[in-house]
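Geometric and topological summary
These are the residues of each chain, in order.
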Amino acid sequence: KNEVEQSPQNLTAQEGEFITINCSYSVGISALHWLQQHPGGGIVSLFMLSSGKKKHGRLIATINIQEKHSSLHITASHPRDSAVYICAVPLIIQGAQKLVFGQGTRLTINP
Amino acid sequence: GAGVSQSPSNKVTEKGKDVELRCDPISGHTALYWYRQSLGQGLEFLIYFQGNSAPDKSGLPSDRFSAERTGGSVSTLTIQRTQQEDSAVYLCASSLGTTKYEQYFGPGTRLTVT
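Here the structure is a predicted model, which is why all the values come from computation and not from measurement. (Residues numbered from 1 in each chain as written. Chains lettered and ligands numbered in written order. Predicted model: local features only at pLDDT ≥ 70, side-chain atom pairs only at ≥ 80, totals over all residues. Heavy atoms only, no water.)

**Here we look at unusual backbone geometry**
In plain terms, the rule: Numbering of helices and strands runs from the N terminus, with a helix taken as a DSSP run of H or I at least four residues long and a strand as a DSSP run of E at least two residues long.
Following S7(A), the chain continues to P8(A) via a peptide bond in cis, the omega torsion being -5°. Tracing the backbone through its elements, the reader meets P8(A) in the loop between β1 (4–7) and β2 (10–14). Geometrically, the link from S7(B) to P8(B) is a cis peptide bond, its omega value of -10° lying close to zero. Secondary-structure assignment places P8(B) in the loop between β1 (5–7) and β2 (10–13). A positive phi angle, close to 45°, is found at R81(B), a residue other than glycine. Of note, R81(B) is situated in the loop between β8 (75–79) and β9 (88–95).

Structure representation (structure tokens):
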């Protein structure tokens, strides 16, 4: 079993739909990262959160530490949101946070 | 301010040749990380630097891979005698410190070994 599991692996939706991507993890963590990777390969950090909820524009991330679960929501989705969304949890090893990544969710928003 | 930069953005090399990939972290960031994303695979950790030292090299896939960081800034990932399975996107990230700081990713270097 992977330490970080995301669902769904692939998601196709129509423009305007509300999107939810889920992440479950099996290790104890201090924070969780949500990353976005566009087709060119570059990665952008969307959120780092350790409790509750964070919101940036149309993106909302929530985390439940007790249940070891996080969700990424996109409201009023747009074709430019099409990307791979990756959650990552840090394992603290020798004083550093070594990120362990989920397998990613490929999101396609059709106009 | 400038983000994390990596060079080259793309590199095509012949099997058996050595390659060097460079990462310029955000100024002032003491922690630097290298990751790899092979085609169709997820991201995997390679190596981490705190300052110039690398306390965790556990992710390096073989002894053909090495990395160094000088002056607490620029890092170079070197792959000797490249193999086709080394083809991947190599990503670098940096953070202000360790454990509780957000990592900022560079654009990556796409390496193709022919």
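**Thoughts on the state of the cysteines**
As a reminder of what qualifies: Count a disulfide wherever a pair of cysteine sulfur atoms falls within 2.5 Å. Three exposure classes are used, based on accessible area relative to the maximum for each residue type with a 1.4 Å probe and protein chains only: buried under 20%, partly exposed in between, and exposed over 50%.
Under the defined criterion, the tally for this structure stands at two disulfides over all chains. With its sulfur 1.9 Å from that of its partner, C23(A) forms a disulfide with C87(A). Note on the C23(A) and C87(A) pair: the S-S dihedral is about 65°, so by sign convention the disulfide is right-handed. Of this pair, C23(A) sits in strand β3 (residues 19–25) while C87(A) sits in strand β9 (residues 83–93), and the two are 64 residues apart along the sequence. No difference in accessibility class separates C23(A) from C87(A), as the two residues are buried. Residue pairing for C23(B): its cysteine sulfur links by disulfide to C92(B), the two sulfurs lying 1.8 Å apart. With the S-S bond torsion at -60°, the cross-link from C23(B) to C92(B) turns out left-handed. Residue C23(B) is located in strand β3 (residues 19–24), and its partner C92(B) is located in strand β9; the two are separated by 69 residues in the primary sequence.

**Description of the pattern of salt bridges**
All names here are of chain A. We count it as follows: One side-chain nitrogen of Lys or Arg within 4 Å of one carboxyl oxygen of Asp or Glu is enough to make a salt bridge.
Taken as a whole and judged by the stated rule, the model has five salt bridges over all chains. R58 serves as the salt-bridge partner of D81, at 2.9 Å between the closest nitrogen and oxygen. Of the two residues, D81 sits in the loop between β8 (69–74) and β9 while R58 sits in the loop between β6 (52–56) and β7 (59–64), which places them 23 residues apart along the sequence. Residue classification places R58 among the partly exposed residues on the basis of a relative accessible area of 26%.

**Some remarks on the sheet that holds β8(B)**
All names here are of chain B. Our working definition: Strands are labelled as partners when DSSP assigns at least two bridges between them. Under this scheme, a helix contributes an axis fitted over its contacting stretch, all axes are lines through C-alpha atoms, and angles between N-to-C directions fall in the 0 to 180 degree range.
Taken together, the four strands give an open sheet; going across it, the order is β1-β3-β8-β7, and neighbouring strands pair in antiparallel fashion. At either end of the open sheet lies a strand with only one pairing partner, and these are β1 and β7 (65–69). For this sheet the average axis-to-axis angle between neighbouring strands, irrespective of direction, equals 15°.

**As for the interface of chain A and chain B**
Note the threshold: Two residues form a contact once any of their heavy atoms are found within 4.5 Å. Each of two parts loses accessible area, computed with a 1.4 Å probe, when they are put together; buried area is these two losses added. Each polar contact in these results corresponds to two N or O atoms within 3.5 Å; when the atoms are within protein, one needs to be able to donate a hydrogen and the other to accept it, and residues that are neighboring in sequence are counted only if both atoms are side-chain atoms. Under the convention adopted here, Pro, Cys and the residues Ala, Val, Leu, Ile, Met, Phe, Trp and Tyr are nonpolar, Asp, Glu, Lys and Arg are charged, and Gly plus all remaining residues are polar.
The partner chain B presents 20 residues to the 20 residues of chain A that form the contact. Buried area between chain A and chain B, both sides added, is near 1700 Å², and the carbon and sulfur share of it is 55%. Counting the surface chain A buries against chain B, the share from its top three residues, I43(A), Q97(A) and F101(A), is 31%. Across the chain A-chain B interface, the total number found is zero salt bridges. Remark: the boundary between chain A and chain B carries two residue pairs in polar contact (both at pLDDT 80 or more). Those elements giving two or more residues to the side of chain A that touches chain B turn out to be β4 (32–37), β5 (43–49), β9 and β10 (96–101) of chain A. Here the side of chain A that touches chain B takes five residues from β10(A), the largest share from any one element. Along the lines of polarity and charge, the residues of the side of chain A that touches chain B split into nine nonpolar, ten polar and one charged.

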